[in-house]
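# Reading the structure
For reference, the chains in residue letters:
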Amino acid sequence: MSTLPRFSPLLGAARVIPVLTLETVEEAVPLAEALRDGGITVIEVTLRTKAALKACEAIAKHCTGVVLGIGTVLVPSQVKEAKDAGAQFLVTPGTSEKLGLAVAESGLAALPGAATVSEMVALMEMGFHELKFFPAEAAGGINYLKSVAGPLAELKFCPTGGISAANANAYLALGNVMCVGGSWITPKAAVDAKNWAEITRLAAEAAKLG
Ligand code: 3PG
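Here goes a summary of the coordinates provided.

Here is what the cut-offs are and how they apply
- Residues numbered from 1 in each chain as written.
- Predicted model: local features only at pLDDT ≥ 70, side-chain atom pairs only at ≥ 80, totals over all residues.
- Heavy atoms only, no water.
- Pairing = 2+ DSSP bridges.
- Helix = DSSP H or I, 4+ residues; strand = E, 2+ residues; numbered from the N terminus.
- Axes fitted to C-alpha atoms, helices over the stretch in contact; angles between N-to-C directions.
- Near = heavy atom within 4 Å.
- Polar contact = N/O pair within 3.5 Å; in protein donor to acceptor, adjacent residues only side chain to side chain.
- Areas by Shrake-Rupley, 256 points an atom, 1.4 Å probe, with all protein chains shown as cover.
- Nonpolar A, V, L, I, M, F, W, Y, C, P; charged D, E, K, R; others polar.
- Phe/Tyr/Trp six-rings, centres within 6.5 Å; stacked < 30°, edge-to-face > 60°.
- Buried < 20%, exposed > 50% of the residue type's maximum accessible area, 1.4 Å probe, protein only.
- Lys NZ or Arg CZ within 6 Å of the ring centre and 35° of its normal.

### Here's the deal with the sheet that holds strand β5 (residues 109–111)
Reading across the sheet, the six strands line up as β5-β4-β3-β2-β1-β9 and stay open at both edges, with parallel pairing between neighbours. Taken across any chain shown, the strands that pair with only one partner, and hence form the sheet edges, are β5 and β9 (180–182). Taken pair by pair, the neighbouring strands of this sheet meet at an average axis angle of 25 degrees, ignoring direction.

Dropping the structure here:
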């Protein structure tokens, strides 16, 4: 399975992926458009809410210029649901063998999650070379990624979990980091207040990182 679709072509020049947990379908399109207008075009919507799949469908249908990833994919049945909802790539926080196979068979690009060297090696065996490193800060952060760069030289990572404007550039400076992800660009208070101008401002700041 060495010919799995790669994630990085979807990423293009983007270096920051906001991780969105959407409480309502209504907020999905204006939020994704506010991010895009600030220069953030690749997003991950997590499957952590009841509204998530419908919200993804709305983004896939209405938001031009947005690359939609669906994350917090935990079980194989969610792979099909995510694909049907319009996912262009899949993200998992961690990856069992069953889940990894389902993702590999989906035909979609993916960032399967791993936090240990053994998990990373298992994903390499399946043909994945671009991984989510989660939870990045708690699992060892920048020093951990530097340590695995030697033995796991062919892997590239999207660290997520505990990343913010304060530490994103330090991650992005590493040779084995292709992008970072996080929720800091879409603070709940701004989303709840429908303060799309603030989201666009934060996105424009994030788009300058790296
Ligand atoms: C994720 O699913 O990637 C994380 O929940 C995002 O982590 P953060 O909230 O610490 O940015």
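### Looking at the site of the ligand
Near the ligand the following residues occur: Val19, Arg48, Lys132, Phe134, Thr160, Gly161, Gly162, Gly182 and Ser183. The separation between an oxygen atom of the ligand and a polar side-chain atom of Arg48 is 2.3 Å. Within the complex, 79% of the 320 Å² of free accessible area of the ligand lies under protein. Of the residues that constitute the shell around the ligand, the class distribution is two nonpolar, five polar and two charged.

### A look at the packing of aromatic side chains
A full pass over the atoms with the stated rule returns three aromatic pairs. Taken together, a centroid distance of 6.3 Å and an interplanar angle of 70 degrees make the contact between Phe133 and Phe157 edge-to-face. Of the two residues, Phe133 is situated in strand β7 (residues 130–133) and Phe157 in strand β8 (residues 156–159); the sequence distance between them amounts to 24 residues. The class for Phe133 is buried, based on a relative accessible area of 0%. Aromatic rings pair up to connect Phe133, Tyr144 and Phe157 into one cluster. A cation sits over an aromatic face here: Lys132 above Phe134, 4.9 Å from the ring centre.

### Things to note about the environment of Lys54
Turning to its location among the elements, Lys54 is positioned in helix α3 (residues 52–62). C-alpha separation for the pair Lys54 and Gly94, spaced 40 residues apart in sequence, amounts to 24 Å.

### Observations regarding the pairing of strand β1 (residues 16–20)
Taken across its five residues, β1 has five buried, putting it largely inside the fold. When β1 meets β9, the two strands line up parallel, connected through three bridges. Counterpart to Ile17 in the pairing with β9 is Gly181. Where β1 lies against strand β2 (residues 42–46), two bridges are found, and the strand directions are parallel. Counterpart to Leu20 in the pairing with β2 is Val45.

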